[in-house]
Structures are given as structure tokens and as C-alpha cells.
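# Summary of the model geometry
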Amino acid sequence: MEQNTEEIKKISGTKLANAALTVAFSVVILFAVGAIVYGFMVMSGARKETDKKDRSTDTMTGYYAADLEAEEILADLRNGLTPVSATIYKAEESKGGVKRILADGVGYTDWDAYATYHCNIDKEHVIRVEVLLRFNKKKEYQILKWSKEYTGEWKKEDGEKMKTMNKLEGSSNDSIK
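The rules behind the values
- Residues numbered from 1 in each chain as written.
- Predicted model: local features only at pLDDT ≥ 70, side-chain atom pairs only at ≥ 80, totals over all residues.
- Heavy atoms only, no water.
- Helix = DSSP H or I, 4+ residues; strand = E, 2+ residues; numbered from the N terminus.
- Buried < 20%, exposed > 50% of the residue type's maximum accessible area, 1.4 Å probe, protein only.
- pLDDT = per-residue confidence, 0-100.
- Contact = heavy atoms within 4.5 Å.
- Patch = residues over 30% accessible without salt bridge, like charges linked within 9 Å, V, L, I, M, F, W, Y side chains within 5 Å.
- Areas by Shrake-Rupley, 256 points an atom, 1.4 Å probe, with all protein chains shown as cover.
- Salt bridge = Lys/Arg side-chain N within 4 Å of Asp/Glu carboxyl O.
- Phe/Tyr/Trp six-rings, centres within 6.5 Å; stacked < 30°, edge-to-face > 60°.
- Core = buried A, V, L, I, M, F, W, Y, C linked by side-chain atoms within 4.5 Å.
- Lys, Arg positive; Asp, Glu negative; His and termini not counted.
- Charge placed at Lys NZ, Arg CZ, Asp CG, Glu CD.
- Pairing = 2+ DSSP bridges.
- Axes fitted to C-alpha atoms, helices over the stretch in contact; angles between N-to-C directions.

On to unusual backbone geometry, then. Phi is positive for aspartate 110, close to 65°, though the residue is something other than glycine. One non-glycine residue, lysine 139, lies in positive phi territory at about 50°. With respect to the helices, strands and loops of the structure, lysine 139 is situated in the loop between strand E6 (125-133) and strand E7 (141-150). Residue classification places lysine 139 among the partly exposed residues on the basis of a relative accessible area of 33%.

Given below as C-alpha cells:
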């Protein structure tokens, strides 16, 4: 009987050791799998951040290139040149000697020309410029508009988001469909 007790203790000790080894091995496996999953998540987040930075850099580069192009067109206009990309309305002088321009439904007096043009930033954005010009020695000009504008196509979902936002803000403008 004493021998059976010894064998039982020996077998129990072996089983206990095997169970402890199995638990330890399982913990190591779980830790390794967790570390791998975490590594993939970190890499995915880093990739998204890199893509976002690349898009941001492309947008800035496009904006400054378009801005430079707009400055060059303005310089040409001030020097009396007619860039192909600009629409120019020349002033007509009245009998009383007053120069008048009617451009896009708006009237201007005492200026020689009104010009409007745009320069592409990307597929969906432009810099739009409107300027009044005097062709005197000073080459005076007045910028009426120099703005970045969205030219992409609006989707119905965009309108729905705006409609929802208007309702949240308490606006009564439900004309967006």
C-alpha cells in the first residue's frame, strides 16, 4: 500500500508538472499572439498616418504651385498682357469720360479692366482670382477675390449631412435635398 501511495504521489506530481508546463506554454503563446496582433495594429496605424501626411504634403504642394501660377498671371495682367487662362472685361468710356466695366453682372468705374481666372490645385480645388486693373505708370490693381474653392461634385450624402447638421443647430433651412 505504501508503494501505491508513492506511485500515486509520483504520478500526481508528474501530472501537476505537466499541467503547470501546459499553462505556462499557453500563457507564452497568448502573449506572443497578442504581441503580433498589437504589432500589426501599430504598423497599420503608422501606415495610415504616413498616407495622411503624404496627402497633406501633396495638397500643400498643389496649393503653392497654383498660388505661384496665379501670381504670375497677375503679373502678366499688370503688364498689359492677356493670359489665355484669364477672362478680361475692358472698360468702356462714357461721353463724360468715365470708365465703366460691367463684369459678371457687377459694375465698376474708374478702372481700365476687370479680370477673372482660376488655377487648379488638384482635381477638386482651384484658386479663383478676380482683380481690377489700371494700366498707368504705377500699374495699380485691386484684388477683389483670391480664394480656394471646391469644384468637385457634391454627392447627395453631403447634402444629407448638412441637412442633419442644420437641424441639430436649430436652423430652419431645409432647402438642401
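So that's the structure; there's more coming.
Moving on to the confidence of the model for the chain. Summing up the model confidence of the chain, the mean pLDDT is 80 and the portion of residues at 70 or higher is 75%. Considering each helix and strand of the chain separately, the mean pLDDT is smallest for helix H2 (residues 156-169), with a value of 61, and largest for E6, with 95. Note that pLDDT drops below 50 for residues 173-177; the model gives that stretch 8 contacts with residues more than four away or on any other chain.

This part is about a nonpolar patch on the surface. A surface patch of nonpolar side chains, amounting to about 500 Å² of accessible area, comprises Phe25, Ile29, Val33, Val37 and Met41. Relative to the helices and strands, methionine 41 is located in helix H1 (residues 2-78). We classify methionine 41 as exposed; its relative accessible area is 56%.

One pair of aromatic rings is described through two measures. These are the centre distance and the angle between the planes. Applying the stated criterion across every chain, the model contains 3 aromatic pairs. Their ring planes at 85° and their centres at 5.3 Å tell us that tyrosine 63 and tyrosine 64 sit as a pair that is edge-to-face. Taken together, a centroid distance of 5.7 Å and an interplanar angle of 50° make the contact between tyrosine 89 and tyrosine 114 tilted. Here tyrosine 89 is found in strand E1 (residues 87-90), whereas its partner tyrosine 114 is found in strand E5 (residues 113-120), with 25 residues between them in sequence.

With that settled, consider the nonpolar core. Leu77, Tyr117, Cys119, Val131 and Leu133 are the most contacted members of the largest nonpolar core, which has 15 residues in total. Of all the elements, H1 adds the most residues to this core, at 5 residues. Once residues lying within four places of it in the same chain are set aside, the contact partners of tyrosine 117 are Ala70, Ile73, Leu74, Leu77, Ser85, Ala86, Ile127, Arg128, Val129 and Trp146. Ala103, Tyr108, Trp111 and Leu132 belong to the second largest nonpolar core, which has 6 residues in total.

Here the focus is a negative patch on the surface. Side chains of Glu69, Glu71, Glu72 and Asp76 sit close together on the surface and give a patch of like negative charge. The topology assignment puts glutamate 72 in helix H1.

A few words now on the sheet that holds E6. Overall, antiparallel pairing links the 4 strands, which are arranged E1-E5-E6-E7 in an open sheet. Here the strands that pair on one side only, and so sit at the sheet edges, are E1 and E7. On average, each strand axis in the sheet is inclined to that of its neighbour by 10°, with strand direction left out of account. Note that E6 and E7 share 9 bridges and pair antiparallel. Each residue of the ladder has a partner; that of leucine 132, found in E7, is glutamine 142.

Within this structure, the stated rule accounts for 4 salt bridges. In this structure, the salt-bridge partner of lysine 99 is aspartate 112, at a minimum N-O distance of 2.4 Å. Of this pair, lysine 99 sits in strand E3 (residues 99-103) while aspartate 112 sits in the loop between strand E4 (106-109) and E5, and the two are 13 residues apart along the sequence. You can call aspartate 112 buried: its relative accessible area is 15%. The salt bridge involving lysine 145 is made with glutamate 149; its shortest N-O contact spans 2.9 Å. Taken together, the shared-partner salt bridges connect Arg128, Lys145 and Glu149 into one network.

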